[in-house]
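Observations on chain architecture
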Number of protein chains: 2
Amino acid sequence: MAEQKKMVNDITSMEEDFAKWYTDVVKKAELAEYTSVKGCMVIRPYGYAIWENIQRIMDGMFKATGHENVCMPMFIPESLLNKEKEHVEGFAPEVAWVTHGGSEKLEERLCVRPTSETLFCEHYKAVVHSYRDLPKLYNQWVSVVRWEKTTRPFLRTREFLWQEGHTIHATAEEAQQETVKMLNVYADFCENVLAMPVIKGIKTEKERFAGAEETYTIEALMHDGKALQSGTSHYFGDGFAKAFGIQYMDRNNTLQYPFQTSWGTTTRLIGAIIMTHGDNNGLVLPPKVAPIQVIVVPIAQHKEGVLEKAAELSERLSKICRVKSDITDNSAGWKFAEYEMKGVPLRLEIGPKDIEKNQCVIVRRDSGEKIFVSLDELETKIPELLQAVHDGLYAKALARRSEMTYTAHSFDELFDIAENKPGFIKAMWCGSRECEDALKEKAGVTSRCIPFEQEKVGDTCVCCGKPADKMLYWGKAY
Amino acid sequence: MAEQKKMVNDITSMEEDFAKWYTDVVKKAELAEYTSVKGCMVIRPYGYAIWENIQRIMDGMFKATGHENVCMPMFIPESLLNKEKEHVEGFAPEVAWVTHGGSEKLEERLCVRPTSETLFCEHYKAVVHSYRDLPKLYNQWVSVVRWEKTTRPFLRTREFLWQEGHTIHATAEEAQQETVKMLNVYADFCENVLAMPVIKGIKTEKERFAGAEETYTIEALMHDGKALQSGTSHYFGDGFAKAFGIQYMDRNNTLQYPFQTSWGTTTRLIGAIIMTHGDNNGLVLPPKVAPIQVIVVPIAQHKEGVLEKAAELSERLSKICRVKSDITDNSAGWKFAEYEMKGVPLRLEIGPKDIEKNQCVIVRRDSGEKIFVSLDELETKIPELLQAVHDGLYAKALARRSEMTYTAHSFDELFDIAENKPGFIKAMWCGSRECEDALKEKAGVTSRCIPFEQEKVGDTCVCCGKPADKMLYWGKAY
């Protein structure tokens, strides 16, 4: 057995070093691998299969809400990027520049898209002329590049995969509704597909997307108490339309500027899955995006009929879920550890005694619970158990978030929590940029969002003590 | 009706100007739009929906043959690209170079991948150690960049979407089998999904992929008699493994070099669809990749019950095909022209008289044939008719290719055909590079492939007259 891979006890424990635990999981579960291009990664088959499931389900939600996919170029000419002032200021410092094509120097440099608002604007200008051409509800699945200094697989990479939705509407109201609608789609996806509770809210002006009038966000809390911005949706007003000269003829034959939105989620969601559900045995995958939902492990597989039964069950289950059976000559113990590491939601064990009793043992990855199931009932029990794992993961994450959410009524209290208790901090805010800057500088926390669900936890700003009517979530963030 | 779009008679006819006909179809069927980045295009919703169907079906074929999807970075450090000599010589002249990240000059330039052999090799080196790690059967769906001088939407663009399969095997034989297997998958896809007949064969050394020991190709014939290389599959031997130092321990504990392949198809297939099936009324789409397979057009839609019936039929048909009903206030004539232009395979007309007779009229896009179908039989008739359109398109394309395939026995005969009869030319070849170069220079034709299905059309080389035992397809190509 010298050829067997090492067992999972190679993973650093979360409590010992959370960052190392994270990269251990990424490497050992074979999600991603480093490359010689700093900050860029290879997404390996198991990691990419998770992304494919995310894409398939989310894309279905986009199409069900009337969106169509398109594909824009990956390059943006410098002059095009420069058209919207705030936008270029936000992105120019972190773009990669193409200066040569073959052996020739380009007349104008091209940046590799960090985001595609400017390209969509150029296209809108070409195809939007009349109110009949509106709205356009577009999305694309591509990769973008941002020249980050510090990188970590899935969480922050120089190139990352994402979807970017871009829409254009006749009225401000319609565009605002779209912005909120897509935030709700994201929240729905995180909670009902990834089993990850999120807080929905609005970003402060300081944290807004470059060029946006309003940025909406969903914020999740990771195992270590740090926040992870998991999706954002931006309302642009008619600012981009004015900068790019996009106009349409309305029903009264009057030229009008249209209103725009954009919204995005990224492969960062895979990082969120790892840090929300993972444990010291490795990855724990929410069933709806798990590449393998059920792993069939034959027990005493040298005994007559065991491998055949495993194959038969696997074939049967392939009609209702994503199933794999491992019939390699590795030991059952090794297989248990391997698929725990890989976060497979359910393990189905089948051995000679089980076959005699017409049953099998199913073990839940989230709780370790063992359940004896009659082989006649698999078609009803497996979907129930997958849903139970989903619900269990969601409940556990929600309970953890509740435990790790604190309320601060004064600066000292906030400072103490920020120093000693990782998690979200709820506190009142007067609305001034000065207080926001001060809390970041002195307590090391950033404003996560002004949640839609407001709660009056006081009357005065936690920083300056002046009257305040906005409750904010603060925290340390990835 | 001033707001109505212009009718299809705007398209240049094929016979008048084939190149203009092509770009007219691309623009008017709303497949793609130009951008300010020379040679890069926006793929619009209707064009992208065709690509999504191609992806979904082809990806299923890759997975059914055991392949897994991954995602490599889009950047290749110059030193990595330089590792395999022939490969870099083939690609370096046409890559885009990133020289700056943000405001800093990079220590080493990065090229935007023109193809990813070098990145896969680097990754193989990291993950392949033992015979147990082989084979790796990978694919990725990404875009690549080649700094082409002359560009045309879908056919040749500086950035294009593609899939690139990359595999690594323990033995040369297994890698060679993979190369041919994937060529067969491509041919199967072109014929059974795109209704486009292809010739399978081997490229001459001159036309081989940079760094390959053997390149296999499928070649299709377009409406204007030009050939289109529609997919290629490369066998690399152990050349890349040696250049990159990839080795594995075999069963006898001996270090060995593994053997590699790669294979790719691109958005060029959309260009192939346009130029194989299109006509002077616009696009004609093979049913299996058509975004809309059936368009329901209500006739006399102001009459009672017509719109309701159209909606009911559309709802019913949505269970068995991709259907849309057009209930806008545009005239029926305008709608006919619009969906003809867009290449929708079947048009279903439903008016008051049809409703009375419990029937509808179905019109085939490929032949214009009108068929009366009882509303009770739609669920059996529609799939039959879609298959009939597929078969009709295939038969028509095959017949055209037969008509446009000529045989040349001497240089003069070949020269005459090349000058006057667009199409494939079958001719014997002695195997020398000199003759290949001479035919290109003097007759303007390139060798398309040495077909698997050989046919002895003579004994001597069409160029030099020396003994020859290989029959080649020659032609002018996109």
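Our structure is the block above this text.
Thresholds, definitions, all that
Residues numbered from 1 in each chain as written. Chains lettered and ligands numbered in written order. Predicted model: local features only at pLDDT ≥ 70, side-chain atom pairs only at ≥ 80, totals over all residues. Heavy atoms only, no water. Least-squares fit on C-alpha atoms with pLDDT ≥ 70 in both. Contact = heavy atoms within 4.5 Å. Buried area = accessible area lost by both parts, 1.4 Å probe. Salt bridge = Lys/Arg side-chain N within 4 Å of Asp/Glu carboxyl O. Polar contact = N/O pair within 3.5 Å; in protein donor to acceptor, adjacent residues only side chain to side chain. Helix = DSSP H or I, 4+ residues; strand = E, 2+ residues; numbered from the N terminus. Buried < 20%, exposed > 50% of the residue type's maximum accessible area, 1.4 Å probe, protein only. Axes fitted to C-alpha atoms, helices over the stretch in contact; angles between N-to-C directions. Left-handed = near helix turned anticlockwise from the far one by under 90°. Nonpolar A, V, L, I, M, F, W, Y, C, P; charged D, E, K, R; others polar. Pairing = 2+ DSSP bridges.

As for the relation of the copies chain B and chain A
- In screw terms, the move from chain B to chain A is a rotation of 180° and a rise of 0.0 Å along the axis, fitting with an RMSD of 0.0 Å. What the rotation and shift describe, once combined, is the action of a two-fold rotation axis. Within chain B, the C-alpha atom positioned nearest to the axis of rotation is that of Val98(B), 2.1 Å from it.
- Both copies contact each other with a shared surface, as 100% of the interface residues of chain B are interface residues in chain A too.

Side note on the interface of chain B and chain A
- Between chain B and chain A, the residue contacts involve 57 residues of the former and 58 residues of the latter.
- Of the roughly 4600 Å² buried at the junction of chain B and chain A (both faces included), carbon and sulfur atoms supply 59%.
- A salt bridge links Glu52(A) to Lys63(B); the nearest nitrogen and oxygen atoms lie 3.0 Å apart.
- Inspection of the chain B/chain A interface yields 17 residue pairs in polar contact (both at pLDDT 80 or more).
- The element best represented in the side of chain B that touches chain A is strand S5 (residues 96-101) of chain B, accounting for six residues.

Some words on the pattern of salt bridges
- Under the counting rule described, the total for this entry stands at 56 salt bridges over all chains.
- Here Glu349(A) makes a salt bridge to Arg347(A), at a shortest N to O gap of 3.0 Å. Accessibility classification places Glu349(A) together with Arg347(A) in one group, the buried group.
- A single network of salt bridges, built from pairs that share partners, joins Glu52(A), Asp59(B) and Lys63(B).

Examining the packing of helix H1 (residues 18-28) of chain A against helix H8 (residues 268-277) of chain A
All names here are of chain A.
- Close contact between H1 and H8 brings their axes to 11 Å; oriented N to C, the two are set at 120°. Viewed along their axes, H1 and H8 form a crossing whose handedness is right-handed. Listed contacts from H8 to Phe18, Trp21, Tyr22, Val25 and Val26 of H1 are Gly271, Ile274 and Met275.
- Considering only residue class, the contact of H1 with H8 consists of seven nonpolar, one polar and no charged.

As for the sheet that holds strand S19 (residues 370-374) of chain A
Residue and element names in this part refer to chain A.
- Read across the open sheet, the five strands follow the order S16-S15-S17-S18-S19; overall the sheet is mixed. The open sheet is flanked by strand S16 (323-325) and S19, the only strands paired with a single partner. Neighbouring strand axes in the sheet, compared pairwise and without regard to direction, differ in orientation by 25° on average.
- Pairing analysis gives five bridges linking strand S18 (residues 359-364) to S19, with the strands arranged antiparallel. Its bridge partner being in S19, Cys360 is matched across the sheet by Val373.
- Lying over the sheet, helix H10 (residues 332-341) contacts strand S15 (294-298), S16 and strand S17 (346-350), oriented at roughly 170° with respect to S15.
- Here helix H12 (residues 378-403) sits on the sheet in contact with S15, S17, S18 and S19, set at roughly 15° to S18.

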